[in-house]
Structures are given as C-alpha cells and as structure tokens.
Amino acid sequence: MSFSLLAWIFQKMLKDVVLGNVMFLGVFLHASRILLNTSAGASRFKDFLLAVLISSYFKIFLVAMMVWNFPSSVIYIIDLLVLSSNTMALKVITESARNRILGVCLVAHAVKFFVVQGLELRYLRY
C-alpha cells in the first residue's frame, strides 16, 4: 500500500468523522434550542455536550466489529441504540415532552447520516 493511498484513506475517514460529528452537534444544539425552548448559555451547552458524549457509549461496539466478524447491518443497530440513549439523556436534562426530544435526536442523526452518505457518494465519483 503506497503512502499516498494511505494518506487519501486517512483524509477521507477524518473528513467523515469530523464533518459528520460537527454537523450532528450543530443541528442537535440548534434544534434543541428551537424545539425544546432551552437557553443557549455556556453551561447549558456543556450539559448537552456531556449528555451526548456519555449517552453515545454504544459506539464502543464499533471497535468490536473490527475485531470480530459482524455483518454490516450491526452498524445500524448500534445507531438505533445510540439514538435511544441520546433521547433518554436529553429527556433527563431538559424534562421536555418525549416526542419533541425524539424529533431533535432524529433530525440530528438524520443530518449526520446524510452528510456521511453524501461524502461517501462524492468519493465514489472520483
């Protein structure tokens, strides 16, 4: 494997991870301010960020997928577990209605999914 190919793969992976997660957090915070009528203070931002990071602990199972041979559909099951954990964490923090919280989380996860898929399609064209 040449160095340029390795650098291209690393660049692609880094773009997927960074851009996908930045878009997720941006949409998550913006949608929570709009739909949940929460304030935009720095302490509230820290609470939301901490809740999302801790409630996304199921993503550690993606490491196990690299070691053991799992079907690729397990990725979507892990995403559903992360979605449900994020929903419950946001419910505990904001004490809002569950349907509004589910809307915020679904919108944020959908944006992340479409950004990553869009980047993947872009890389397939080249």
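How each quantity is defined
Residues take numbers from 1 onward in each chain, read along the sequence in its written order. Side-chain atom pairs in this predicted model are given and counted only at pLDDT of 80 or more, local residue features only at pLDDT of at least 70, and totals for whole chains, interfaces and linings cover all residues. Working from all heavy atoms in the structure, the side-chain values ignore hydrogens and water. Pairing of aromatic rings covers Phe, Tyr and Trp, the last through its six-membered ring, and needs centres within 6.5 Å; plane angles under 30 degrees mean stacked, over 60 mean edge-to-face, and all others mean tilted. The criterion for a charge sitting over a ring is simple: Lys NZ or Arg CZ within 6 Å of the ring centre, and within 35 degrees of the ring normal. Only buried residues count toward a nonpolar core, which is a set of Ala, Val, Leu, Ile, Met, Phe, Trp, Tyr and Cys residues joined through side-chain atoms within 4.5 Å. Only protein chains enter the accessibility calculation, which uses a 1.4 Å probe; a residue is then buried when its area is under 20% of its type maximum, exposed when over 50%, and partly exposed in between. Helix numbers and strand numbers start at the N terminus; a helix is a DSSP run of H or I with at least 4 residues, a strand a run of E with at least 2. It only takes one pair of heavy atoms within 4.5 Å for two residues to be counted as in contact.

For the structure shown, the criterion picks out three aromatic pairs. Cluster of aromatic residues (ring-pair linked, three or more members): Phe 24, Phe 28 and Phe 48. Across the ring face of Phe 24, the terminal group of Lys 112 is positioned such that the distance to the ring centre comes to 5.9 Å.

Turning next to the nonpolar core. The biggest cluster of nonpolar side chains holds 14 residues, and the ones touching the most others in it are Phe 28, Leu 90, Val 104 and Cys 105. At the level of elements, helix 1 (3-35), helix 2 (42-55), helix 4 (74-94) and helix 5 (98-125) are the ones that each hand at least two residues to this core. With five residues, the single largest contributor to this core is helix 1. Setting aside residues up to four positions removed in sequence, Cys 105 forms contacts with Phe 28, Leu 83, Asn 86, Thr 87 and Leu 90. Counting five residues, the second-largest nonpolar core is a separate cluster that includes Met 65, Val 74, Ile 78 and Val 82.

Coordinates in, geometry out; function isn't part of it.
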